Amino acid sequence: MASPKKKLQGLVAATITPMTEHGEINFSVIGQYVDYLVEKQGVKNVFVNGTTGEGLSLSISERRQVAEEWVTKGRNKLDQVVIHVGALSLKESQELAKHAAEIGADGIAVIAPFFLKPRNKDDLTEFLKEVAATAPGLPLYYYHIPSLTGVKIRAEELLDGIQEKVPTFRGLKFSDTDLLDFGQCVDQHRQRHFALLFGVDEQLLSALVMGATGAVGSTYNYLGEKTNQMLEAFERKDLSSALNHQFCIQRFINFVVKLGFGVPQTKAVMTLVSGIPMGPPRLPLQRASREFIEKAEAKLKSLDFLCFPGLKNANLEAS
Ligand SMILES: CC(=O)N[C@@H]([C@@H](O)[C@H](O)[C@H](O)CO)[C@@H](O)CC(=O)C(=O)O
């Protein structure tokens, strides 16, 4: 049975999959990446092979290797390594879930199959149950991201009665802006002590107010330290400071969103900030433009909260 001992909480970085210029996975930098997250960003949980990690663009064999590398390099350094094992094929999801258990991951997450889709909550629960059964020792989290999957089954509805059917179910990663749905997940399931992890980084403070127990996101790779300051301010009930931190974070995200922001741009920003080469994304994604990189770099340099080794000649004055 899944261990109830460690609740997944705080910040969880949705990891990038580093690639070489030839489009192969660059395993050689993952050890350095782990150290960077822990030492420079204060982030000790990772979510591997999700959206940011281009998990659905990797082969099953590559997904297994990436998972293994994170578990190995994260040993005694990271608190939790959660592997996303969602796939269009139940068999592939099961294979990945079993593998995650074998290598000693701390949890698995599953996205809804999005080509031939579940019609309703029962279909989706059945799918999750079959995946969970192959890794009975691992907590399972549902990865709710309707904007990408097109599966719009409300999370609050899915949670209702799920633990009776999927005993290893421990919570969800909620990558949506519907705070009514998220709030109801909190309100209706208080007794269950689920991990309710929010996935829209620019709106995290609102979700914390609603009762989020943590957050999974792409920006925690390089804005982890800043976001941790927001969590600390919220924890000590200093809402004004927490809001200031959230607005700082929003200023950056708003800027890049207007330029066009997705996985390729996340790879470029992380390379800039950390100095660790993340490489290009895999097709059909195209690498971030030179123009994006220059503008993002200038913005990063102008923000007072950013002071990273990857940035040369940083001007630390407030924008
Ligand atoms: C659609 C998307 O990629 N959302 C990101 C956010 O972290 C997002 O990049 C951030 O909020 C900026 O908009 C995460 O929810 C995705 C994620 O956690 C993952 O890579 O699995």
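No experiment lies behind these values; they were computed from the predicted model shown. (Residues numbered from 1 in each chain as written. Predicted model: local features only at pLDDT ≥ 70, side-chain atom pairs only at ≥ 80, totals over all residues. Heavy atoms only, no water.)

Q: Explain the UniProt feature "active site" (unreviewed entry) in the protein to me, and be specific about the residues and the numbers.
A: Mapped onto this structure's residue numbering, the UniProt feature "active site" (unreviewed entry) falls at Tyr143 and Lys173. These annotated residues cover 31 residues of sequence, and their C-alpha atoms lie no more than 4.9 Å from one another, placing them together at a single site. As for the annotated residues named above, the ones lining the largest pocket are Tyr143 and Lys173. As for its position among the elements, Tyr143 is in strand S5 (residues 140-144). In contact with Tyr143, other than residues within four places in its own chain, are Phe47, Gly50, Thr51, His84, Val110, Ile111, Ala112, Lys173 and Ser175. Topologically, Lys173 is positioned in strand S6 (residues 169-174). (UniProt positions renumbered as here; feature names shortened; annotations may be inferred. 1 Å grid on protein atoms, 1.4 Å probe; cavity = no way out; pocket = protein on both sides within 12 Å on 5 of 7 lines; lining within 4 Å. Helix = DSSP H or I, 4+ residues; strand = E, 2+ residues; numbered from the N terminus. Contact = heavy atoms within 4.5 Å.)

Q: Account for the pattern of salt bridges, with residues named and values stated.
A: Using the criterion set out here, one finds 18 salt bridges in the structure. Note that Asp106 is salt-bridged to Lys6, the shortest N-O span being 2.9 Å. Taken together, the positions of Asp106 in the loop between helix H3 (90-103) and strand S4 (107-111) and Lys6 in the segment before strand S1 (10-14) put the pair 100 residues apart, joining distant regions of the chain. By relative accessible area, which is 37% here, Lys6 ends up partly exposed. Salt-bridge contacts for Asp178 lead to Arg154; the nearest nitrogen and oxygen are separated by 3.3 Å. (Salt bridge = Lys/Arg side-chain N within 4 Å of Asp/Glu carboxyl O. Buried < 20%, exposed > 50% of the residue type's maximum accessible area, 1.4 Å probe, protein only.)

Q: Mind laying out the pairing of strand S3 (residues 80-84), listing which residues take part and the relevant values?
A: Burial runs high along S3: 5 of the 5 residues are buried. Of the two faces of S3, the one carrying Gln80, Val82 and His84 and the one carrying Val81 and Ile83 are both buried. Bridge analysis of S3 against S4 gives 3 bridges, and the strand direction is parallel. Its bridge partner being in S4, Ile83 is matched across the sheet by Ile108. Between S3 and its parallel partner S4, the chain crosses via H3, and the hand of that crossover is right-handed. (Pairing = 2+ DSSP bridges. Right-handed = clockwise from strand over helix to strand, strands pointing away.)

Q: Break down the packing of helix H1 (residues 30-41) against helix H2 (residues 60-74) for me, with residues and values.
A: One way to put it is that H1 packs onto H2 with a least axis distance of 9 Å and a crossing angle of 55°. In terms of their interaxial angle, H1 and H2 are classed as oblique. The interaxial crossing formed by H1 with H2 has right-handed handedness. Each of Ile30, Gly31, Tyr33, Val34 and Leu37 in H1 lies in contact with H2, whose residues at this interface are Glu69, Trp70, Lys73 and Gly74. Among the residues making up the contact of H1 with H2, the classes are represented as 5 nonpolar, 2 polar and 2 charged. (Axes fitted to C-alpha atoms, helices over the stretch in contact; angles between N-to-C directions. Parallel < 35°, antiparallel > 145°, perpendicular 65-115°, else oblique. Left-handed = near helix turned anticlockwise from the far one by under 90°. Nonpolar A, V, L, I, M, F, W, Y, C, P; charged D, E, K, R; others polar.)

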